[in-house]
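As a plain string of letters, each chain reads:
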Amino acid sequence: MRRTLAALTTSAVLIPLAITAMPGAASAATNALTVHVYGRDGAKVSTSVHATNLNTREAYTLTSNRARKLPRGTYVVAAEIVGSDDTTVLGGRTVKVSGSSSTVIDGRKGKPFQVSLNPPTAETLGALTARICAGSDYLVESHAILDKLYVIPNGSENFRLAYAADWMDTHQSGTSTEVRGRYAALGSMIGLPNNFRRTVQRSSLVPVTLHARSQARGDQQHLGVALHSRAGGCAGGLSVTGHGGYGGFTMPLHLSPGKYRFVAETPLHISVRDRTFASGGRYSQNFFNAGRGPGYDLPYTYGRSLYFNPHGMFTDTGSTGVVETFTDGYSSTEGVKTSTTLTKGGRTLKKETKRFTYAHEARFNYLMTSAGWYGLTVSAKREHPTMAMPSGLLSYRTTARFRFHADPRKQQVAPVYLTRFTPAGLDLQNAAKPGSTTNVSLTLDRKKQGGVKLGTAPKVKTMTAWASYDNGATWKKTTLKKSGSKWVATVKNPKSGYVTLRAKVTDTKGNSSDITIYRAYKIA
């Protein structure tokens, strides 16, 4: 936030006024701060300086070597100094602003800040992201080359420093560089250190295998996955590592134990996962799996109205509950068209078609007048306002058909389930081999909807699954086997084309849900 001083002007020609100065007004107008910044070569540097008032927590941006009017108070200031030799210096000072004040951030006083990996790999490239904070308030962040970051020491507890070191294990083959793995280590401290050196033992890092699969033809869709820290304080949100490519990839990661957020993106959608990795464990994380279908959202009654939010009609299997969006890569514009129909006793109560941008705009609602058996059918198709969908896009369309008993006097989630489909044994293109057999796990999903109680879980009476090889024109019933809390459907794959999946679950009272995912996976 910035504060601006309003100038009050008067006209002595029109109305002569006697003005009495408010106490402190004259001194407030003259409070100013100049932060002189010098590079490692001793030359003055023009750069942004970030300041925070320790009393009000208000933040300001200054230009180095220029006076800036500020309210009286104690400030922490920090700056990044980038040199022509690819070096970066981070420095911070605490300064009292009263009248004309100044301080110096001198890059010549910077000391090496080094983090190394042991044992090193034969060919390793690395980067170091570091930030200075005032408490948990972010001041300045730098993305530097390993061994080229310097920090000006300052033992003040007003400062925090957090960092993430990222190494790529690479192999050069001709003119191409292959990344065979990534290693990342996090750290934080109070104050700005003097000649900091840390050696990270590879054995202390947690192995995480990252899989990103293609939802379209490999050369049409770029996949990118970024990893951020969910640690508290200064390290919160710090960029840790990432990887990208075309046509799907598997990347071995080795991370410091802790809490992280994965953000995976294609030109069509963003998928977010929050994970916690403990020391001694082994983990995997998948993105853009086959069988993207309805997730999270169920019909519910609240305030005598029936609600359903269809924005989650294309969610990734194995989702952790963080709502996904469909995007053009630069904004939150979602590419989904939905058609929702509510019926009761064979009569259509409401039908609505939407192309929506934000999740709250997608919500369907209807004011109920009586209890009874309702039918809700939702059909969703992936579209985009400014770009064409890739040819052969998987999970391009989904439908959900619910039948349930509802009472407008009761606030509750409808007694139905969402079926989540997880095909096994597919490659990074989400493809099965021609004529093979694919086992598809069917998991029943039922989550609380906002503040509405979930109620007792419906008791399943029947579960049926089908596969279609002609985009839903005809269906072939699959073999189902119960395995713990899920079912496994055995699908015999055709010689080419795509496989559409469908499952219907009915409880002992007659409530049911029927979920279909068109082109759930392909044959190649």
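Because the structure is a prediction, the values reported are computed rather than measured.

### Quick word on the overall build of the protein
- Helices and strands together make up the secondary structure of the protein, namely 1 helix and 39 strands.
- When the 524 residues of the protein are sorted by exposure, 49% land in the buried category.
- Once local pairs closer than 6 in sequence are excluded, the contacts in the protein between residues at least 24 apart make up 68%.
- With the model as given, the accessible surface of the protein reaches about 24600 Å², and the carbon-plus-sulfur share is 50%.

### Focus on the sheet that holds strand E11 (residues 149-151)
- Across the sheet, 7 strands lie side by side as E3-E2-E5-E6-E11-E8-E14; this open sheet has mixed pairing. The strands lining the two open edges of the sheet, one partner per strand, are strand E3 (59-63) and strand E14 (196-201). Along the sheet, successive strands turn relative to each other by an average axial angle of 25°, direction set aside.
- Here strand E2 (residues 48-53) pairs with strand E5 (residues 73-82) via 5 bridges, running antiparallel. What sits directly across from threonine 52, in E5, is valine 76.

### Quick look at the confidence of the model for the protein
- Looking at the protein, the pLDDT average stands at 88 and 88% of residues meet or exceed 70.
- When the criterion is pLDDT under 50, residues 1-28 qualifies, and its contacts beyond four places in sequence or with other chains add up to 14 contacts.
- Contacts from residues 319-334, a stretch scored under 50 in pLDDT, to residues over four places away or in other chains number 57 contacts.

### What about the state of the cysteines?
- Counted under the stated rule, the structure contains 1 disulfide.
- A sulfur-sulfur distance of 2.1 Å marks the disulfide that ties cysteine 133 to cysteine 234. Its torsion about the S-S bond being 75°, the disulfide of cysteine 133 and cysteine 234 is classed as right-handed. With cysteine 133 in strand E9 (residues 124-134) and cysteine 234 in the loop between strand E16 (222-229) and strand E17 (239-246), this residue pair connects regions lying 101 residues apart in the sequence.

### Some remarks on the environment of arginine 40
- Its place among the elements puts arginine 40 in the loop between strand E1 (32-38) and E2.
- Beyond its immediate stretch of four places on either side in the chain, arginine 40 contacts Asp85, Thr87, Val89, Gly107, Arg108 and Tyr150.

### Overview of the nonpolar core
- By size, the foremost hydrophobic cluster in this structure holds 49 residues, and its most contacted members are Phe402, Phe404, Leu442, Leu501 and Tyr521.
- Among the elements that make up this core, the one with the highest residue count is strand E39 (residues 512-523) (5 residues).
- Ignoring sequence-local partners within four residues, the contact set of phenylalanine 404 consists of Pro299, Leu306, Gly372, Trp373, Tyr374, Leu376, Ala414, Pro415, Val416 and Asn511.

### Some details on the pattern of salt bridges
- Following the criterion strictly, the structure yields 17 salt bridges and no others.
- Aspartate 166 is paired through a salt bridge with arginine 182; the nearest N and O atoms lie 2.7 Å apart. You can see aspartate 166 sitting in strand E12 (residues 159-173) and its partner arginine 182 sitting in strand E13 (residues 176-190), a full 16 residues away along the chain.
- Given the relative accessible area of 10%, aspartate 166 is considered buried.
- Among the residues examined, arginine 182 registers a relative accessible area of 11% and is labelled buried.
- A single salt-bridge network, built from bridges that share partners, covers Arg230, Arg261 and Asp274.

### Focus on the environment of tyrosine 283
- Here tyrosine 283 shows up in strand E21 (residues 283-287).
- With 30 residues separating them in the primary sequence, tyrosine 283 and leucine 253 have C-alpha atoms 9.6 Å apart.
- Ignoring anything within four residues of it in the chain, the contact list for tyrosine 283 reads Val206, Pro207, Val208, Thr209, Arg275, Thr276, Phe277 and Ala278.
- Within polar-contact distance, the side chain of tyrosine 283 engages the backbone nitrogen of alanine 278 at 3.0 Å.

### Remarks on the sheet that holds strand E30 (residues 412-413)
- The strand order across the open sheet formed by 4 strands is E27-E23-E22-E30, and the pairing between neighbours is antiparallel. Each of the sheet's edge strands pairs with one partner strand only, and the pair in question is strand E27 (364-367) and E30.
- Here strand E23 (residues 305-308) runs beside E27; their pairing, made up of 4 bridges, is antiparallel. Residue pairing for E27: phenylalanine 308 is matched across the bridge by phenylalanine 364.

### Topic: the packing of aromatic side chains
- Enumeration over the complete set of coordinates arrives at 12 aromatic pairs.
- Considering the side-chain rings of tyrosine 300 and tyrosine 307, the 5.4 Å spacing of their centres and the 20° angle between planes classify their relative orientation as stacked. Both residues of the pair, tyrosine 300 and tyrosine 307, belong to the buried class.
- Grouped by ring-pair contacts, the aromatic residues Tyr260, Phe262, Phe277, Tyr283, Phe287 and Phe288 constitute a single cluster.
- A cation sits over an aromatic face here: arginine 397 above tyrosine 518, 4.3 Å from the ring centre.
- Directly above the ring of tryptophan 373 sits arginine 403, whose terminal nitrogen or CZ lies 4.3 Å from the centroid.

### Observations regarding unusual backbone geometry
- Along the chain, asparagine 118 connects to proline 119 via a cis peptide bond; the corresponding omega equals -5°.
- Looking at where proline 119 falls in the secondary structure, it is placed in the loop between strand E8 (111-118) and E9.
- Non-glycine residue aspartate 86 carries a positive phi angle of around 70°.
- Note that aspartate 86 resides in the loop between E5 and strand E6 (88-97).

### Topic: the side chain of threonine 315
- Mapped onto the secondary structure, threonine 315 falls in the loop between E23 and strand E24 (325-326).
- In this structure the side chain of threonine 315 is engaged in a polar contact, spanning 2.8 Å, whose partner is the backbone oxygen of glycine 293.
- A distance of 3.4 Å separates a polar side-chain atom of threonine 315 from the backbone nitrogen of glycine 295.

Cut-off values and rules
- Residues numbered from 1 in each chain as written.
- Predicted model: local features only at pLDDT ≥ 70, side-chain atom pairs only at ≥ 80, totals over all residues.
- Heavy atoms only, no water.
- Helix = DSSP H or I, 4+ residues; strand = E, 2+ residues; numbered from the N terminus.
- Buried < 20%, exposed > 50% of the residue type's maximum accessible area, 1.4 Å probe, protein only.
- Contact = heavy atoms within 4.5 Å.
- Areas by Shrake-Rupley, 256 points an atom, 1.4 Å probe, with all protein chains shown as cover.
- Pairing = 2+ DSSP bridges.
- Axes fitted to C-alpha atoms, helices over the stretch in contact; angles between N-to-C directions.
- pLDDT = per-residue confidence, 0-100.
- Disulfide = S-S within 2.5 Å.
- Core = buried A, V, L, I, M, F, W, Y, C linked by side-chain atoms within 4.5 Å.
- Salt bridge = Lys/Arg side-chain N within 4 Å of Asp/Glu carboxyl O.
- Polar contact = N/O pair within 3.5 Å; in protein donor to acceptor, adjacent residues only side chain to side chain.
- Phe/Tyr/Trp six-rings, centres within 6.5 Å; stacked < 30°, edge-to-face > 60°.
- Lys NZ or Arg CZ within 6 Å of the ring centre and 35° of its normal.

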